[in-house]
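What follows is the residue order along each chain.
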Amino acid sequence: MIEATIGQALGAVKERIARAAERAGRRPQDVLLVAVSKTKSAAAVREAYEAGQRDFGENYVQELAGKASSLSDLPDLRWHMIGHLQTNKAKQVLKIAHMVQTVDSVRLAAELGARAQQAGKRLPVLLEVNVGAEEQKSGVSLHQARDLMEAVGQQEALELRGLMTVPPFELDAEQTAPYFRRMAELREELGGALLLPELSMGMSHDFEVAIEHGATMVRVGTLVFGSRT
Ligand SMILES: *Cc1c(COP(=O)(O)O)cnc(C)c1O
């Protein structure tokens, strides 16, 4: 079986990011690719790193900690926490993560803020918004977002960078467009791109649609590392 290498897959995704940005009248360099490595080996992450990739996303704290330790010789590799984070794991994640994209409660914001303060760090964070109001999904509702934003604002050691979302999973990528549009509107309602520069949205099946609607970070796993079993 002939498969593309991780480096080739990364190149193809970057090319599609650039074309989607151009179609939207945006600059390709204004969209960051976060390669989602959950369930994949540290060796696969290293291969992507060697191909020039620096930003990686992980969902589970234990898995993140294991890979971060295996790859600690790569100092400019940046880990993004993109899975639900329990407050009792905040301290551990703070040591490793460059950014926590999934701040979804006032309680988590307070805990991360207090831990970052103790560690003398400033932690960039995104607010996770459950834009589809799905029962089983984490993230605050659209109408709770402002309260969470204010709670993060009270934490001196947290640096609020923007919003993150996972819309309802639809087979047709175009069906995700209204959700991405709603996120762009929410950002305007909360103060606009100056206050909230980042919009983390779009995955393997819909990142081009997300870029058309203003995504500044796309989280792509399957297209880079292959399908997860
Ligand atoms: C797994 C995951 C991704 C990547 O999904 P793919 O479909 O493999 O690109 C992106 N974001 C989050 C929050 C995820 O859990």
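In this numbering scheme, every chain counts its residues from 1 along its sequence in written order. In view of the model being predicted, local features appear only for residues whose pLDDT reaches at least 70, and side-chain atom pairs are presented and counted only at 80 or more, with totals across whole chains, interfaces and linings using the full set of residues. With hydrogens and water stripped out, all remaining heavy atoms of the structure feed into the side-chain values.

Participant: Just to check I follow, could you spell out the site of the ligand for this structure?
Facilitator: Near the ligand there are 13 residues, and of these Lys38, Asn59, Ser204, Thr222 and Arg228 occur at the shortest range. Two N or O atoms count as a polar contact when they lie within 3.5 Å, although within protein this holds only if one can serve as hydrogen donor and the other as acceptor, and sequence-adjacent residues are included solely when both atoms are side-chain atoms. In the environment of the ligand, an oxygen atom lies 2.7 Å from a nitrogen or oxygen atom belonging to the side chain of Lys38. All accessibility values rest on the Shrake-Rupley procedure with a 1.4 Å probe; residue burial counts only the protein chains present in the view. Considering the ligand on its own, with 390 Å² of exposed area, one finds that the protein chains cover 90% of that surface. Residue composition of the shell around the ligand, by class: six nonpolar, four polar and three charged. The near set for a molecule or strand comprises every residue that places at least one heavy atom within 4 Å of it. Each residue receives one of three labels: charged for Asp, Glu, Lys and Arg, nonpolar for Ala, Val, Leu, Ile, Met, Phe, Trp, Tyr, Cys and Pro, and polar for the others, Gly being one of them.

Participant: What exactly am I supposed to notice about helix α6 (residues 145–153) here?
Facilitator: Three or four residues apart is the spacing at which side chains of an α-helix point the same way, because the helix has 3.6 residues per turn. Only protein chains enter the calculation, and the probe is 1.4 Å; a residue is then buried if its accessible area is under 20% of its type maximum, exposed if over 50%, and partly exposed in between. Runs of E in the DSSP output that reach at least two residues are strands. Runs of H or I that reach at least four are helices, and both are numbered from the N terminus. Residues of α6 that are buried: Ala145, Leu148, Met149, Ala151 and Val152. The buried residues of α6 all sit within an arc of 160° when viewed along its axis, so they share a single face. In α6, those exposed residues whose orientation departs by more than 90 degrees from the buried face are Asp147 and Gly153. Buried residues along α6 sit in contact with β4 (99–103), α5 (106–119), β5 (123–129), β6 (158–165) and α7 (177–189). In this context, the arc is that of the directions from the helix axis out to the C-beta atoms. Residue contacts are defined here by distance: any two heavy atoms, one from each residue, within 4.5 Å place the two residues in contact.

Participant: Even after reading the chapter, I still don't get helix α1 (residues 6–23), so can you show me in this structure?
Facilitator: Each helix should span, by expectation, one fewer than its residue count multiplied by 1.5 Å. Between its first and last C-alpha, α1 extends 26 Å over 18 residues, near the 26 Å set by a 1.5 Å rise per residue. Where α1 is concerned, the buried positions are Ile6, Ala9, Leu10, Val13, Ile17, Ala18, Ala20 and Ala21. Among the structural elements, β1 (32–36), α2 (42–50), α8 (207–212), β8 (217–220) and α9 (222–225) are those in contact with the buried residues of α1. With its phi angle positive at about 70°, Gly25 sits one or two positions after the end of α1.

Participant: Would you mind showing me how to read unusual backbone geometry here?
Facilitator: Negative phi is the rule for most residues except glycine; trans is the rule for most peptide bonds. Phi is positive for Thr39, which is not a glycine, with a value near 70°. In this fold, Thr39 is placed in the loop between β1 and α2. Located in the positive-phi region is Ala133, a residue other than glycine, with phi close to 50°. Taking the relative accessible area as the measure of exposure, Ala133 reaches 66% and is therefore exposed.

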